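Secondary and tertiary structure notes
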Amino acid sequence: MTDPNEVTADGPVNDTTDGPADSVAAARSRWEREVLEPALSRFGLDAPADRFYGPDDVAELDFHRSIGFPGQFPFTAGPYPTQPFAAGARGTGLIPQGKGLARAGRYSGYGTAEDTAAYYARMIADGQRAGPNVAFDLPTQCGYDSDDPHALGEVGRAGVAIDSFEDFCALYEPFQGELEVDKVGSNWTINAPATIIVAMYFLLARKRGVDGTKLRGTPQNDILKEFIARGTYIFPPRPSMRLVRDLFGFVTEHLPRLNVVSGGGYHMREAGATRELDLGFSMANGIAYLQTGVDAGIDVDVLAQRITFNAFGGSLELFKEVALQRAARRMWAKITRDRFGAKSPRSWVLRQPNGAHMGYYNATVSRPINNLTRAVVGGIASALSGYGSNVEPPFDEALGLGWSREGMQMSEDAARILQYEAGLNQVRDPLAGSYYVESLTNEIEAAASEVVEQVEAYGGSVGAIEAGFMQDAVSSSAMDRAMAQETGERLVVGVNAFTGPEEIDVRVVTSSARMYGTEQLGTAERRQLDKLFTLRRGRHDREVTRALRALEKAARDPDTNVMKSVVDCVAGLCTVGEICGVLREVFGEYRGATALGH
């Protein structure tokens, strides 16, 4: 008599179960009992160190509903049917370039506008053709002028100091001719004062006679994540979202090819958020931005196509990071189509310039050359998740501001090897159909959706921030991450593992100076203060006063879009600090909140 559960090399001899997944589940049970358990006993293990996935782990998998073709709903397999990546292009950093694309390059900025412009000029001379991806110093990000007491010691340190429209014009001096502002993309990591930077870009184009409708760029403008993790907020959440609304309206009318926000969980993950919080909070914030624009009367099919995500956080867990990207695309497609009723398939696409990566917070000071290996893992994950194989950051990321020429060369070459020698960009979504990756994609989407529901219980992201829920969640997971490394549960090679005297600290001899000049950094604050003093002496004070009063009046009327007044202030050479000072008077300043108290 045949045993109905007997298994041969070809599977069950007599399958009496309901379907393939049930059949595999029965076979798995017997395999665990008769094959796995004896092996565990032989090695003295209570549980296996690894796990085998099969069709029973994705029993409900349906190709059309769960995966689809690249460039079609639900976009799990990729945002576009094909993408012409050119990984490792000179000076592009984490953002892959390609034929027909106008994108910004490597995130950069230091000292004065003239210092950073000189850096851009050197990179252009070295072959960079991407636009600027501007890092602003902390005083600029927080709405202080360089001569404000709050700015002392921080001017030009974590980015470039921009106090006025004159600074902004100097910053863009290298981008002319074949690199004119309508021929390259620009990124600005600026949030609370994003309206001011966009106004400067608008006026720069007008000054150069460039058609504003042709400008391409992305202000980060993701103020919600500043409250959750990064911390460069100025005003309370609700007035801040009013400024987001006003920027949305101005951009869609005057700069229709400019993106309006670049959200994402990168900074939240860097601050300690788990993968699930990273994605869940990003989607919740995306919902808040969409709703803000729709409530202001902007067509969702216009707005959704101008919302981008700069990145989700990264890690060295390659398969999980690939699954995160796939889950994110699927979630955003459902949100835009099913929740907001967007009709155009272009509105359902989660637009971001790069995919999975190593997570810059994983770069170590100890044995820094290992960071190149970590970045290569991130580059592989990026290619497998449907994006370019860019290998970032350079190995000396953790050693100070800026990178060596050698570090950038090694990263760019590694990306080129992954694309041109390993051929990683020759196939779209190569892990589609993998039992493990599909199961992970489902698990991450489900967990992130639960996070969105938790945020929605507070009325959305603004309410959850005001209650301190999102901030506390990130703080708690950050503590868990730190404790895991402290106890050795999370191993980091060269930091808390493999640190004995027999290990060798391999170093790269750098023959070139770091791209950010230390001499310029040392004198940047004094030079910037001199420029600001000269600006104030030479401008028309009466015009400055008039423009600032008009801004205050506009800000006090919740139904008025402040952008026209901001543009007038910038044109009149009002400074970032003066403009933000007026808005502080009207809106107040945010002092932070937690669920445990304000």
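Residues numbered from 1 in each chain as written. Predicted model: local features only at pLDDT ≥ 70, side-chain atom pairs only at ≥ 80, totals over all residues. Heavy atoms only, no water.

**Brief notes about the confidence of the model for the protein**
- Averaged over the protein, the pLDDT score is 91; the fraction of residues at 70 or greater is 91%.
- Across residues 1-18 the pLDDT falls below 50, and counting only partners more than four positions away or on other chains, this stretch makes 19 contacts in the model. (pLDDT = per-residue confidence, 0-100. Contact = heavy atoms within 4.5 Å.)

**Considering the pattern of salt bridges**
- Per the stated rule, a full pass over the model turns up 41 salt bridges.
- Of the charged contacts, one joins R536 and E578 as a salt bridge, the two residues approaching to 3.5 Å between their closest N and O atoms. Of this pair, R536 sits in helix α18 (residues 518-538) while E578 sits in helix α21 (residues 576-587); the two residues are 42 residues apart in sequence, bridging distant segments of the chain.
- Between D568 and K564 there is a salt bridge, with the nearest N and O atoms lying 3.3 Å from each other. Residue D568 and its partner K564 are located together in helix α20 (residues 563-571), separated by four residues, close to a single helical turn.
- Overall, the relative accessible area of 28% leaves D568 in the partly exposed class.
- A single network of salt bridges, built from pairs that share partners, joins R269, R275, D278, E317, K320 and E321. (Salt bridge = Lys/Arg side-chain N within 4 Å of Asp/Glu carboxyl O. Helix = DSSP H or I, 4+ residues; strand = E, 2+ residues; numbered from the N terminus. Buried < 20%, exposed > 50% of the residue type's maximum accessible area, 1.4 Å probe, protein only.)

**So, the pairing of strand β6 (residues 131-135)**
- Along β6, five of the five residues are buried, which leaves the element largely enclosed by surrounding structure.
- Note: β6 against strand β7 (residues 185-189), three bridges, orientation parallel. Looking at the pairing, N133 lines up with N187 of β7. (Pairing = 2+ DSSP bridges.)

**Digging into the packing of aromatic side chains**
- All chains considered together, the criterion is met by 22 aromatic pairs.
- Ring plane angle 80 degrees and centroid distance 6.5 Å describe the contact between F168 and Y201, whose orientation is recorded as edge-to-face. Within this pair, whereas F168 is found in helix α5 (residues 165-171), its partner Y201 is found in helix α6 (residues 194-208), the two being separated by 33 residues in sequence.
- Judged by relative accessible area, Y201 falls into the buried class, the value being 1%.
- Plain terms: the ring middles of Y266 and Y360 are 5.9 Å apart, the flat faces sit at 85 degrees to each other, and that makes the pair edge-to-face. With Y266 in helix α9 (residues 266-270) and Y360 in the loop between α12 (318-339) and α13 (370-384), the pair connects residues that are 94 residues apart, well separated along the chain. The exposure classification of Y266 matches that of Y360, with both residues buried.
- Cluster of aromatic residues (ring-pair linked, three or more members): Y119, Y120, F168, Y172, F175, W188 and Y201. (Phe/Tyr/Trp six-rings, centres within 6.5 Å; stacked < 30°, edge-to-face > 60°.)

**Some remarks on the environment of V134**
- Looking at where V134 falls in the secondary structure, it is placed in strand β6.
- The exposure class of V134 is buried, given its relative accessible area of 0%.
- A C-alpha to C-alpha distance of 53 Å links V134 and V24, two positions 110 residues apart in sequence.
- Those residues in contact with V134, other than ones at most four positions away along the chain, are Y107, S108, Y120, V160, L171, N187, W188 and T189.

**Regarding the nonpolar core**
- The biggest cluster of nonpolar side chains holds 125 residues, and the ones touching the most others in it are W188, L279, F281 and M283.
- For this core, the element with the most residues is α6, which contributes 11 residues.
- One finds A363, I369, A375 and L424 within the second-largest nonpolar core, a separate group that totals 12 residues. (Core = buried A, V, L, I, M, F, W, Y, C linked by side-chain atoms within 4.5 Å.)

**Some thoughts on the packing of helix α10 (residues 275-295) against α12**
- Two elements in contact, α10 and α12, have axes separated by 11 Å at closest approach and are oriented at 25 degrees. If you check the angle between α10 and α12, you find them roughly parallel. In this structure, α10 crosses over α12, and the sense of that crossing is right-handed. From α10, R275, D278, L279, M283, G286, I287 and L290 reach across to α12, where they touch K320, E321, L324, A327, A328, M331, W332, I335, T336 and R339.
- When grouped by side-chain class, the residues that make up the contact of α10 with α12 number 10 nonpolar, two polar and five charged. (Axes fitted to C-alpha atoms, helices over the stretch in contact; angles between N-to-C directions. Parallel < 35°, antiparallel > 145°, perpendicular 65-115°, else oblique. Left-handed = near helix turned anticlockwise from the far one by under 90°. Nonpolar A, V, L, I, M, F, W, Y, C, P; charged D, E, K, R; others polar.)

**A few points about the side chain of T364**
- Looking at the element boundaries, T364 is found in the loop between α12 and α13.
- Relative accessible area serves as the criterion here: at 9%, T364 is assigned to the buried category.
- Of note is the side chain of T364, whose polar atom sits 2.7 Å from the backbone oxygen of S366.
- Contact partners of T364, with chain neighbours within four places excluded, come to N371, R374, A398, V492 and V495. (Polar contact = N/O pair within 3.5 Å; in protein donor to acceptor, adjacent residues only side chain to side chain.)

**Notes on helix α19 (residues 541-556)**
- Look at α19: 23 Å from first C-alpha to last across 16 residues, which is about the 22 Å you get at 1.5 Å a residue.
- Summarising the contacts, the buried residues of α19 are in contact with α8 (237-254), α20 and α21. (Expected span 1.5 Å × (residues − 1).)

**So, helix α14 (residues 405-421)**
- Compared with an ideal rise of 1.5 Å per residue, which puts 17 residues at 24 Å, α14 spans 23 Å between its outermost C-alpha atoms and is within 8% of the ideal.
- Where α14 is concerned, the buried positions are E406, G407, M408, S411, E412, A414, A415, L418 and Q419.
- Immediately downstream of α14, the backbone of G423 shows phi near 70 degrees, a positive value.

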